[in-house]
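# Chains, contacts and geometry: an overview
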Amino acid sequence: MKTRTIIEGATCVLVPLILEDQPVSISSASVFYNPEMELNRDLSVAAIAAFSEIMASRKNLNISDITYVDAFSASGIRGLRIAKEVGLTVTLNDWSKEAYELMKINTKLNSLKDKVNICLENANLLLHKNKYHIVDIDPFGSPTIYLDAASTSAISMLAVTATDTAPLCGAHLNSGIRKYGAVPLNVEYHSEMGLRILLGRIARDLARHEKSMYPLFSHATRHYLRVYLEVQKGVNKSDNCLKNLGFISHCKKCFSRSVHYGLAVHIPEKCKICGHNNNVAGPLWLGNLHDKDFCDSVLMQLSDRELGKKEQAMKIVRLCKNELDVPTFYDQHVLSKKLGISAIPMENLLKELETNGFKASRTHFSGTSFKTNAEIEEILDTLRRFR
Ligand SMILES: C[S@@+](CC[C@H](N)C(=O)[O-])C[C@H]1O[C@@H](n2cnc3c(N)ncnc32)[C@H](O)[C@@H]1O
Ligand SMILES: [Zn+2]
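For every chain, the first residue of the written sequence is number 1, and numbering continues from 1 onward in sequence order. All chains are assigned letters beginning with A, and all ligands numbers beginning with 1, in the order in which they are written. Restriction of local features to residues with pLDDT of at least 70 applies here, the model being predicted, together with a cutoff of 80 or more for giving and counting side-chain atom pairs; totals for whole chains, interfaces and linings are based on all residues.

The biggest cluster of nonpolar side chains holds 106 residues, and the ones touching the most others in it are V135, L158 and I202. The contact rule is simple: place each C-beta atom from the backbone, and if two of them lie within 7 Å, those residues are in contact. Apart from the residues lying within four places of it in its own chain, the contact partners of V135 are V69, A71, L127, A150, S153, A154 and L158. Nonpolar cores are identified as sets of buried Ala, Val, Leu, Ile, Met, Phe, Trp, Tyr and Cys residues joined via C-beta atoms within 7 Å. Here exposure depends only on C-beta density: within 10 Å of a residue's C-beta, 20 or more other C-beta atoms make it buried, 12 or fewer make it exposed, and intermediate numbers make it partly exposed, the C-beta atoms being placed from the backbone.

If you want it as structure tokens, here you go:
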């Protein structure tokens, strides 16, 4: 395999050389490396460093006592960064022999042989056999077939990447139902719906192992979703966690939406505003997506580090931190089109909603969108005032 050297953060690894005129794509290369995921990895370093510091001080541990597994390592870049830039004791794993050999070379290259274990296993077997404080799963496509093993393995934190945005966001309905056991809706806030369907799936997987999750930071960026969850054991916590599951009913005529907590719950057939038929999505997670204090810790970690995607990473975390904690968002362009008016500066709209006694915020999901606790009629009235 021909390789080239790349540097991310403070870590240097060899990855397969892909020449522009070669017929090999990133996903068909002998070992996978996607430079577009540097942002995801920069955020991971900051989020896992923030969590590890909190955990070390709460449990009176040294940072190096904390164990982390990168269950789908490929070149090893993600786990090696955690070993080198955060200082955890890391397990790298991949079932590809070529990846395994490359991980060994890359571990040596960073002088990390004492801190890193390298495995050549099916991730499901590895995670069923061993427990780690922090479990990170970053497979190709859907993570769902690994969630049972990841749930039994994770002691304190679970970090999950999902790149199967089409089934999660309603573009491939049946695939979403098969993989996530949930019905998505392809509406303007489909990215948030996808994130909530993923979280709902993980909450149910953890519950089978009498564990609960608490979302610390979750984001939808370009073609993938990423969540960082604090994990705790206990039936009461697990039962309480499941109380955050439910459904969203959505009216495609007037854009009104409602939330319905519970798994066996009555959902009105007709829209409460205009009487048109409701569409229903779920079961999904209706609880919080982020913890504000945790976002502050991640921001501090980001600002203290030299990272290739620092500015983009900080922008995402800041938006997440300030996002209003409601389960859907509105796209101003969609609403303006419905009213036949032109869009206005977001700041003006948010200010007007607040002046009228509502809460309102931007959202990391889309630059043209906002979150508010106002109902659709109040939002439309507000927009009309700018006509
Ligand atoms: C998306 S890549 C991982 C990328 C890596 N985490 C990074 O940040 O660069 C997925 C990797 O998982 C490996 N893989 C897929 N299914 C697996 C399984 N069941 N067990 C172990 N490894 C698996 C593939 O060989 C591939 O290298
Ligand atoms: Zn309606």
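Next comes the rest of the description.
Our focus in this paragraph is the domain arrangement of the chain. Frequently, the measure chosen for interface size is the accessible area that the parts lose on association. Where each domain starts and ends comes from a domain assignment, either automatic or drawn from a database. Each domain of the chain was delimited in the assignment, giving domain 1 (3–241 + 287–322) and domain 2 (330–384). A separation of 33 Å is found between the C-alpha centroids of domain 1 and domain 2. With nine residues of domain 1 at the contact, the number on the domain 2 side is seven residues. Numbered from the N terminus, helices here are DSSP runs of H or I no shorter than four residues, and strands are runs of E no shorter than two. Elements represented by at least two residues in the side of domain 1 that touches domain 2 include exactly α8 (190–208), β8 (211–221) and α11 (310–322). Per-element tally for the side of domain 1 that touches domain 2: the top contributor is α11, with four residues. Any residue outside Ala, Val, Leu, Ile, Met, Phe, Trp, Tyr, Cys, Pro, Asp, Glu, Lys and Arg is labelled polar, Gly included; the first ten of those are nonpolar and the last four are charged. Tallied by class, the residues present in the side of domain 1 that touches domain 2 amount to four nonpolar, three polar and two charged.

With that settled, consider the sheet that holds strand β6 (residues 132–137). Here seven strands make up an open sheet; going across it, the order is β5-β4-β3-β6-β7-β9-β8 and the pairing mixed. Both edges of this open sheet fall to β5 (116–119) and β8, since each of them pairs with a single strand only. Between one strand and the next, the sheet's axes are offset by a mean angle of 15°, whatever the strand orientation. Note on pairing: DSSP must find at least two bridges between two strands before they are called paired. The sheet contact formed by strand β3 (residues 67–70) and strand β4 (residues 89–93) spans four bridges and is parallel. Pairing of D70 across the sheet is with L92, part of β4. For every element, the axis is a line fit to its C-alpha atoms; helices are fit only across the contacting stretch, and the angle between N-to-C directions ranges from 0 to 180 degrees. Together, β3, β4, β5 and β6 form the strand contacts of helix α2 (residues 77–86), whose direction differs from that of β3 by roughly 160°.

Glancing now at the site of ligand 1. Around ligand 1 sit 19 residues, and of these F72, A74, W95, A123 and D138 come closest. When grouped by side-chain class, the residues that make up the shell around ligand 1 number 11 nonpolar, four polar and four charged. Put plainly, near means the residue's C-beta atom, positioned from the backbone, lies within 6 Å of the molecule or strand in question.

Pairing is antiparallel across the open sheet formed by three strands, whose spatial order is β11-β10-β12. Here the strands that pair on one side only, and so sit at the sheet edges, are β11 (257–261) and β12 (279–285). When the angles between neighbouring strand axes are averaged without regard to direction, this sheet yields 25°. Relative to β12, strand β10 (residues 245–250) runs antiparallel, the two being bridged by five bridges. Looking at β12, one finds that H250 is bridged to N279.

The next subject is the environment of H364. Among the secondary structure elements, H364 is positioned in the loop between β14 (360–362) and β15 (369–372). For the pair H364 and I134, spaced 230 residues apart in sequence, the C-alpha separation works out to 25 Å. Setting aside chain neighbours within four positions, we find H364 in contact with H219, I316, L319, C320 and E323.

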